[in-house]
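These are the residues of each chain, in order.
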Amino acid sequence: IDYFDVDTDPSGAFAPGQPYRVRMRSTVPGSKVWSEKQYLSITALPVTFEMEGIMDMFGISLVDTECKLAKEVVNEIDAQELVNDASFLNITNRSVTDPNFKMPPTVYPWTEMGKAVEYNFDRLVEAHRHDKGNPEFIRAKKTKYWSEIIKSRFNKDAIDSIRFTQVDDLEQVGKVSNGTMSASKRRRLGTWTADEEGSYVVSISSTDLKHAGLIRPEHREHEGRRLADGRRLGATSWKFDVGVTFEKINIELEIGAATMKVVVNYCHQVTPTLTNWGACQTGRAGAGDIVKMEGYASGKQIIFPWPTVSMEMGGLLVYDNTAAMGVDTKQQVFLRSVGARGQHLQDNIGNVKMGPSTGLYEKFDLIDASGGIGQLGTDMRFWIKSHRNHYLQDNNNNVRWGATNRGWEKIRLLDARGGRVYLQSHRGKYLATQETSKAGLLKCKVTIYRSANCRDGSKSFETTSSSGQEWKFDDDNWESAKAEGDCFQTEFYDEDEQESNYEDNQWEEGNFGCINFKSDLDDDMAGLKIWAKGPPEPPWEGNVIWSSTKIDAAKWQILQNTPEQSAAVSFGDPLLYGGLTFAKDVDIIFDFGASFTTELGAAGANHPQHGLYLAEIYGKGIVEFGIVSLYLLLKFNPNSPWDTKYKDWTMCASVGYEVDTWVYTYRDDFQIYCQDL
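Residues numbered from 1 in each chain as written. Predicted model: local features only at pLDDT ≥ 70, side-chain atom pairs only at ≥ 80, totals over all residues. Heavy atoms only, no water.

A. View of the sheet that holds strand E1 (residues 2-5). Taken in spatial order, the 3 strands line up as E1-E2-E3 in an open sheet, and their pairing is antiparallel. Edge positions in the sheet fall to E1 and strand E3 (34-38), since each has one partner strand and no second. Across the sheet, the mean angle from the axis of one strand to that of its neighbour is 5°, orientation sign disregarded. Where strand E2 (residues 19-25) lies against E3, 5 bridges are found, and the strand directions are antiparallel. Among the inter-strand pairings, Arg 21 is bridged to a residue of E3, identified as Gln 38. (Pairing = 2+ DSSP bridges. Helix = DSSP H or I, 4+ residues; strand = E, 2+ residues; numbered from the N terminus. Axes fitted to C-alpha atoms, helices over the stretch in contact; angles between N-to-C directions.)

Here it is in structure tokens:
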């Protein structure tokens, strides 16, 4: 994506910083499609924008099922009110009642997903097949993006490649012998295939070669010998898998009972800040830069045949330069709230408030209260000290300034993406702002007249609705009109259809002096719709609270003395981990099982001044269910070992999870105990 914003606009139509043009290039492999949009004007939406107005703006009047609350906000009163506000929408239940209903694919912002392109392309082709004048197809052809896809054979081939799946490939190879299929029709084993999320995988095994007739029958492995053969590394069964996503390469080789895995992690190749590593979030590493490499080798022995129970021993070596996301603590900072429209946190004579300035009240020192090395950007704890030498605290869910710097005052910095952070208290709450200011409504008045040039009898209509208010009437003998006040736009209805968006209707923008209706509407105008301007944002007023969830208003920017310069940095020395693992795998149902792993290891690091040193000793217990991993981590970190000679240590315990969806990996951990030894 190329993004262009406005520095200065001599015409005055745009304010500095407003978007002007966005150019998006295709991420679908093989596609050369690109799209560009240019903004003609920017209009702020009203603060008090009702649900019905929002849905009307996007043309939404029907939904398949009723709106439900996500589990993260099921107990939030505001979220329940939003669901109630959406109750006016009609429910179709097409996904249940219509056998031909095709569920739209999930759409990820700023990323072009192959299956989404395929889905919309098929819809357009089907619509055009039934109706050559289909308005959706015509509208699509007028855009640069879809016109390129529709008319370009190259781009159609790219879409066709998305339809091909690896399962079909291996099924086709497995159903025919090596001599019954011509070379022109036989597909190659190990073909790279794309999934719905844009990831690529290739897989090939000895079983596939046997099915394809590429291994002679006398060399094939007998099913009854597999358990015995599993005891030695020379077993003939083997498997090779490679997976490539926007964030990592995963290589796995199995030969008999031996396994070797290599994982290479890098910053997201399109949008680096999507990758949840401090080095990628802060710009220390760019798109495609390698930040972590892992190597693992192990041997597995089956100790019980059914349900299968196996023991595995292995060793791992990890180079980790992901770097936690931290802040520059060498100078004072400002804390700017995303939810308070640029306001800054204040210690206002002992009161926790927000203010627009960047003076003494808004300056804070961040004092490290964590100890050890920052792991994954989640172990950092700080005391936030104000100009009065008081510390931000969570005092039983009250935001206060306290005179001490103990447990209640420790604040944890969590990554909120894009260089922003959450400030989490010792009770697991998040510092947030809560707006109480309300916008005043603006009024638009439109007057219509019997004769041209705004003469003779008249009738006036007024509204404060920024989503539009409509009037219809039987009397159509009107010839002119004018608008005054705070009008956004007005639509005059032709009597033939008497509805919005009819082709013979007349549109007028903003306020306007006397205008005469065009010939189609002269003495034929039987209705109108008026949109008032959205109210301007009032000066921000509100409170600082502790929120139980990670809402947008809980996101903060940490800025240096220069207000626009972020203090977020990635910190930590590159680490080289080495460890031993002891794992027990248990099959629960068929191929689905649970793995219990104990990992013991140590990490060394290279300090820029003091050279190599022992940075960490750790023990880790891991439980895995499919793509979900839960773990308990116990680690010991020396404090300034070059000064203390490894006599001063900090012990910390934490629990965490990791969900690996191939395209993105979701992870977080929660420190439950930390103590200086």
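B. A look at the sheet that holds strand E24 (residues 444-451). Strand order in the open sheet formed by 4 strands is E25-E24-E27-E30, with antiparallel pairing between adjacent strands. This sheet does not close on itself; its edge strands, each paired only once, are strand E25 (455-463) and strand E30 (512-516). Direction aside, neighbouring strands of the sheet carry axes that sit 20° apart on average. When E24 meets E25, the two strands line up antiparallel, connected through 7 bridges. Looking at the pairing, Tyr 449 lines up with Ser 458 of E25.

C. Representation of the nonpolar core. Formed by 23 residues in total, the largest nonpolar core has its most connected members in Leu 335, Leu 345, Ile 384, Leu 423, Leu 431 and Trp 556. Looking at this core, the elements with two or more residues in it are strand E16 (351-355), strand E18 (381-385), strand E20 (398-402), strand E21 (411-415), strand E22 (421-424), strand E32 (542-547) and strand E33 (555-559). In this structure Ile 384 touches Leu 335, Phe 364, Asp 365, Leu 366, His 390, Tyr 391, Leu 392, Trp 401, Ile 411 and Leu 423, once residues within four positions along its chain are discounted. In terms of nonpolar packing, the next biggest core, distinct from the first, is built from 19 residues, Val 446, Ile 448, Trp 471 and Met 525 among them. (Core = buried A, V, L, I, M, F, W, Y, C linked by side-chain atoms within 4.5 Å. Buried < 20%, exposed > 50% of the residue type's maximum accessible area, 1.4 Å probe, protein only. Contact = heavy atoms within 4.5 Å.)

D. The side chain of Glu 362, seen in detail. Its place among the elements puts Glu 362 in the loop between E16 and strand E17 (365-368). Buried and unpaired, Glu 362 has Lys 363 as its nearest opposite-charge partner, separated by 8.6 Å. Discounting chain neighbours no more than four positions away, the residues touching Glu 362 are Val 333, Phe 334, His 344, Leu 345, Gln 346 and Ser 357. (Lys, Arg positive; Asp, Glu negative; His and termini not counted. Salt bridge = Lys/Arg side-chain N within 4 Å of Asp/Glu carboxyl O.)

E. Here's a closer look at the packing of aromatic side chains. Throughout the structure, instances matching the rule amount to 9 aromatic pairs. Consider the rings of Phe 461 and Phe 473, whose centres lie 5.9 Å apart with planes at 15°: the pair is stacked. Of this pair, Phe 461 sits in strand E25 while Phe 473 sits in the loop between strand E26 (469-472) and strand E27 (480-485), placing them 12 residues apart in sequence. Exposure remark for Phe 461: the relative accessible area of 6% places this residue in the buried category. An angle of 55° between the planes, with centres 4.9 Å apart, marks the rings of Phe 492 and Phe 517 as tilted. Taken as a pair, Phe 492 in strand E28 (residues 487-494) and Phe 517 in the loop between E30 and strand E31 (525-532) lie far apart in primary sequence, 25 residues in all. An identical accessibility class is assigned to Phe 492 and Phe 517; each is buried. Members of the aromatic cluster, each reached through a chain of ring pairs, are Phe 461, Trp 471 and Phe 473. The ring of Trp 478 carries Arg 450 above its face, with NZ or CZ at 3.8 Å from the centroid. (Phe/Tyr/Trp six-rings, centres within 6.5 Å; stacked < 30°, edge-to-face > 60°. Lys NZ or Arg CZ within 6 Å of the ring centre and 35° of its normal.)

F. Broad picture of the pattern of salt bridges. Using the criterion set out here, one finds 8 salt bridges in the structure. Residues Asp 347 and Arg 388 are paired through a salt bridge, measuring 3.1 Å at the closest nitrogen-oxygen approach. On the criterion of sequence distance, the pair formed by Asp 347 in strand E15 (residues 344-348) and Arg 388 in the loop between E18 and strand E19 (391-395) is long-range, its members being 41 residues apart. Where Asp 475 meets Arg 450, a salt bridge forms, and the shortest distance between an N and an O atom there is 2.5 Å. Highlighted residues: Asp 475 in the loop between E26 and E27 and Arg 450 in strand E24, separated in sequence by 25 residues. When its relative accessible area of 28% is taken as the criterion, Asp 475 is described as partly exposed. Overall, Arg 450 belongs to the partly exposed group, its relative accessible area being 31%.

G. Local environment of the environment of Ser 548. Within the secondary structure, Ser 548 sits in the loop between E32 and E33. Distance in space between the C-alpha atoms of Ser 548 and Gln 424 is 9.7 Å, their sequence separation being 124 residues. Setting aside anything within four residues of it in sequence, one finds Ser 548 in contact with Glu 76, Lys 429 and Tyr 430.

H. Structural view of a negative patch on the surface. Together, Asp 474, Glu 495, Asp 496, Glu 497, Glu 499, Glu 503 and Asp 520 line one region of the surface with negative charge. Locating Glu 499 in the fold gives a position in the loop between E28 and strand E29 (506-509). (Patch = residues over 30% accessible without salt bridge, like charges linked within 9 Å, V, L, I, M, F, W, Y side chains within 5 Å. Areas by Shrake-Rupley, 256 points an atom, 1.4 Å probe, with all protein chains shown as cover. Charge placed at Lys NZ, Arg CZ, Asp CG, Glu CD.)

I. Here's a closer look at unusual backbone geometry. Despite not being glycine, Asn 396 has its phi angle at roughly 55°, a positive value. Under the relative-accessibility criterion, Asn 396 is labelled exposed at 53%. Its identity is not glycine, yet Asp 456 carries a phi of approximately 70°, on the positive side. Structurally, Asp 456 is set in strand E25.

J. Spotlight on a nonpolar patch on the surface. Residues Ile 290, Met 293, Leu 317, Tyr 319 and Leu 576 make up a contiguous nonpolar surface patch of about 450 Å² in total accessible area. Those elements that provide at least two residues to the nonpolar patch are strand E11 (290-304) and strand E12 (309-320).

K. Examining the state of the cysteines more closely. The final tally for this structure, using the stated rule, is 2 disulfides. Cys 444 shares a disulfide with Cys 487; S-S distance 1.9 Å. The sign of the 95° torsion about the S-S bond sets the Cys 444-Cys 487 disulfide as right-handed. Of this pair, Cys 444 sits in strand E24 while Cys 487 is found in strand E28, placing the two residues 43 residues apart along the sequence. A residue is classified by how much of its surface remains accessible, and Cys 487, at 1% relative accessible area, is buried. Here Cys 454 connects covalently by a disulfide to Cys 514, the sulfurs 2.1 Å from one another. Because the torsion about its S-S bond is 110°, the bridge between Cys 454 and Cys 514 counts as right-handed. Of this pair, Cys 454 sits in the loop between E24 and E25 while Cys 514 sits in strand E30, and the two are 60 residues apart along the sequence. (Disulfide = S-S within 2.5 Å.)

L. Examining the environment of Met 55 more closely. Note that Met 55 resides in helix H1 (residues 51-57). Residue Met 55 is classed as buried on the basis of its relative accessible area of 16%. Note: C-alpha distance between Met 55 and Ala 86 (31 residues apart in sequence) is 8.8 Å. In this structure, Met 55 is in contact with Ile 60, Phe 88 and Leu 89, ignoring residues within four places of it in sequence.

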